[in-house]
Amino acid sequence: MAFDKNKIRTRFAPSPTGYLHIGSLRTALYSYLFAKQNNGLFILRLEDTDLERYLEGAAEAIYSGLKWAGINYDEGPDIGGPDAPYIQSQRLDIYKKYANELVAKENAYHCFCDKETLEKMRQEQIAKKQAPKYDRRCLALSKEEVNAKLKTKTPRVIRMKIPASRVIEVNDLVRGKVSYKSEELDDQVILKSDGYPTYHLAVVVDDHLMKISHVTRTEEWLPSTPKHILLYEYFGWEAPQWAHLPLLLNPDKTKMSKRKGDVAVGDYIKKGYLPAAMINYLAFLGWNPGTPAYAKASAGKEKEIYSMEELLNEFSLERVHKAGAIFNIEKLNWYNAYYIKQLSLDELTKKCLPYLFALSGYPDPAVAESGSKIKKIVALEQERLQTIAEIGEHAAFFFNLPAYDKTLLKWKDMTDEEIKKSLAASKEIIASIFDSEFTKEKLSEKLFAKAGEYKNKGELLWPLRVALSGQKNSPPPFDIIEILDKREALARIEIAISLLSLQKNA
Ligand code: GLU
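What this report covers is the structure whose coordinates are included nearby.

Here is what the cut-offs are and how they apply
The residue count restarts for each chain, going from 1 along the sequence in the order it is written. With the structure being a predicted model, the display of local features is reserved for residues of pLDDT at least 70 and the display and counting of side-chain atom pairs for 80 or more, all residues being used for whole-chain, interface and lining totals. With hydrogens and water set aside, each side-chain value is computed from the structure's full complement of heavy atoms. We call a residue near a molecule or strand when any one of its heavy atoms sits within 4 Å of it. Here a polar contact means two N or O atoms within 3.5 Å. Within protein one must be a hydrogen donor candidate and the other an acceptor candidate, and residues neighboring in sequence count only if both atoms are side-chain atoms. The accessible surface values rely on the Shrake-Rupley method and a 1.4 Å probe; as for residues, cover is taken only from the protein chains in view. Under the convention adopted here, Pro, Cys and the residues Ala, Val, Leu, Ile, Met, Phe, Trp and Tyr are nonpolar, Asp, Glu, Lys and Arg are charged, and Gly plus all remaining residues are polar. Salt bridges are identified by distance alone: a Lys or Arg side-chain nitrogen within 4 Å of an Asp or Glu carboxyl oxygen. Secondary structure elements follow DSSP: runs of H or I no shorter than four residues count as helices, runs of E no shorter than two count as strands, and numbering proceeds from the N terminus. Burial classes follow relative accessibility: with a 1.4 Å probe on protein chains only, a residue under 20% of its type's maximum area counts as buried, one over 50% as exposed, and anything between as partly exposed.

Some words on the site of the ligand
Around the ligand, the structure places R11, A13, S15, E47, Y199, V203, R217 and W221. Contact between the ligand and S15: a nitrogen atom at 3.0 Å from a side-chain N or O atom of the residue. Look at the ligand: alone it shows 300 Å² of surface, and the protein chains cover 83% of it. When grouped by side-chain class, the residues that make up the shell around the ligand number 4 nonpolar, 1 polar and 3 charged.

Shown next, in the form of structure tokens:
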């Protein structure tokens, strides 16, 4: 691909009509990587010309989502830049001027048709089995008629004129050559009656004025590109290069949507996904580095772990796939678990604290700060966590023994009496260990020795573990006891024993 590396400028141009979508973050990432690996600049622009769909707070979610992910823009609404403002609703005069320029050049025209007229036209065309399209009746108006209507302020829009019998070719960096016949295109509205531009005019004007060299966006915008190409021609401007990215899909191959799971970046932030994991995962959703020898790990498997730094070296638009990319939450969880394991215990503890505070008002922050208990819990869970938020769920039992049914205490076909005896044996052993040597190593040595006396070790260890945690799955009992401390562990075993007696008599 030949391009002037000194002039690479890419942009991310979301509409603040919803919270930052995970697919949009992927688009932003690819734009960012391409700009930065070419010493270029990456620009953020808000496309908020659709007043009806504007959502309060969406712009802030875009800024904070990008910052969270480490996708730092060089120019943007909240940081300014030489082409400010970067919010389209603040640039209305600019679009008006350019729309009028096209009218003067006869590449565009005023259209006074109201909603009812357009709807009737549509219905008639459908009845005649024609593709609905504006029939250009306002193009036939004389200059005098147009002026008279403008004078009386008849509501009007401005439409671009699509030329007859043209083949318009999009040379896409991902999809190659894609051709469109001009007959397939409608005389697109470029300026609405409220003075706002449509997306098509605004995107072309801004990409030009902001000197964007490469436009990366998802493939749903590909059919709009021939119209954009015509607008560049009409203005006499050099067009940017386009790269249309594959869509993100649900596992059932439908377009990724809220109904099938979380799509907002904010949801993933709340659940405790790490930015490094998200970036690594998103990079691979629609791209892969190929399998050059140096990219292979020693086990002969493809390298899957890439830092932002490595992505900056390896990413290339040429290797972006054409086919839609399936969003697979298990794979994201795999990446997240990997990056959680890489954190130091201090870093992870810090990230876990907010979720642990949330546990029934305990521990208070002071306890947690000093807390070796918290750190021990985090250390124990580090291997098992897929998201940081899970720590809340996983660790809750350390703070409050959950209510559980006595049947959970049962290993295989043990009777209640046998379970009680087993728990009493554990209790005795735990109680016999001096405080000075009360460590998980000592606990495991003594308890394992005792467990060896049973037909199956589970007969001792299962009821004990459930008595301590109140749940089916939890870390080994020795680790739990050490964290709970002797008194609390013995109290919980006592509770289990009385539960067995109580429920029997009930
Ligand atoms: N505002 C459009 C969007 O919401 C931008 C499309 C483009 O990048 O041209 O995705």
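That was the structure; now back to the text.
Points about the pattern of salt bridges
Across all of its chains, the model carries 33 salt bridges by this definition. Of the charged contacts in the structure, one is a salt bridge between R122 and E119, with a shortest N-O distance of 3.4 Å. With R122 and E119 both in helix α4 (residues 115-127) and 3 residues apart, the pair spans about one turn of that helix. With its nearest N and O atoms 3.1 Å apart, the salt bridge here joins K255 to E220. Here E220 lies in the loop between β8 (214-218) and α7 (225-235) and K255 lies in the loop between β10 (248-249) and α8 (265-270), a separation of 35 residues in the sequence.

Some remarks on helix α19 (residues 477-484)
In terms of residue burial, α19 counts as a mostly covered element, since 7 of its 8 residues are buried. Within α19, the full set of buried residues consists of P477, F478, D479, I480, I481, I483 and L484. Phi for D485, located one or two positions after α19, is positive at around 90°.

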